[in-house]
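Summary of the model geometry
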Amino acid sequence: MMPNVKIFVDQNLYPAVSAPLATALGPIRDMLCHELAVDVPACQFAVMAVGGMADLPLVNVELAIMPRPERTRERLLAVCTNLRSMVGHATGTHVAVRMTALDPETYIALK
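Presented here is an overview of the structure given in this document. All values reported here derive from a predicted model rather than from experimental measurement.

**Some details on the nonpolar core**
Within the largest apolar cluster, 25 residues are counted, with the highest numbers of intra-cluster contacts made by Ile-7, Leu-32 and Val-87. Looking at this core, the elements that each hand over two or more residues are strand E1 (3-10), helix H1 (14-36), strand E3 (59-65) and helix H2 (73-91). Take this core: its biggest share by element is eight residues, from H1. Not counting residues within four places of it along the chain, the set of residues in contact with Val-87 comprises Ile-7, Leu-21, Ile-28, Val-59, Val-61 and Val-95.

**Description of H1**
With 23 residues, H1 extends just 28 Å between its outermost C-alpha atoms, more than 12% less than the 33 Å of an ideal straight helix rising 1.5 Å per residue. At Leu-25, H1 shows its largest bend, some 35°, and a proline, Pro-27, comes one to four positions later. Within H1 the residues assigned to the buried category are Val-17, Leu-21, Ala-24, Ile-28, Met-31, Leu-32, Cys-33 and Leu-36. Immediately downstream of H1, the backbone of Ala-37 shows phi near 55°, a positive value.

**Concerning the pattern of salt bridges**
All told, the structure shown has two salt bridges when counted by the stated rule. Across the pair Arg-75 and Glu-35 runs a salt bridge whose closest N-O atoms are separated by 3.7 Å. Here Arg-75 is found in helix H2, whereas its partner Glu-35 is found in helix H1, with 40 residues between them in sequence.

The rules we used
Throughout, residues of each chain are indexed from 1 in the direction in which the sequence is written. It should be noted that, the model being predicted, local features are given only for residues of pLDDT at least 70 and side-chain atom pairs only at 80 or more, the latter also being counted only at that level, while totals for whole chains, interfaces and linings use all residues. As a rule here, side-chain values cover all heavy atoms of the structure and leave hydrogens and water aside. Here, nonpolar core means buried Ala, Val, Leu, Ile, Met, Phe, Trp, Tyr and Cys residues that are tied together by side-chain atoms lying within 4.5 Å of each other. Accessible area is worked out with a 1.4 Å probe on protein chains only. A residue is then buried under 20% of its type maximum, exposed over 50%, and partly exposed in between. Each helix is a run of H or I in the DSSP string that is no shorter than four residues. Each strand is a run of E no shorter than two, and both are numbered from the N terminus. Residue contacts are counted whenever heavy atoms from the two residues lie within 4.5 Å of one another. The span one expects for a helix is its residue count, reduced by one, times 1.5 Å. Here the bend at a residue is taken as the angle between two axes, fitted respectively to the seven residues that end there and the seven that start there. Salt bridge, as used here: a side-chain nitrogen of Lys or Arg that lies within 4 Å of a carboxyl oxygen of Asp or Glu.

As structure tokens, then:
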């Protein structure tokens, strides 16, 4: 019932924010586990330095989750807002967040 989190950081910003972002991952995971009611082993995180365009946000977060009835739009919007705040605090820049719900009928994960 995972959150799959990918944090994309502009390659020019990455050296300056990699340490504070790494420190923030634990609290971010704790928040996601609490808010989405999942256990730690269900989480998947990746932080990547990427090439981007100068007129777009320097940090982008993509979050994929499995749908559940209690994961209402309002609750998920609150999770995204909190996630954006936490990543923004760690990186000192504006953060774009995108969340998608995966299709449980077609999603396969081998761990």
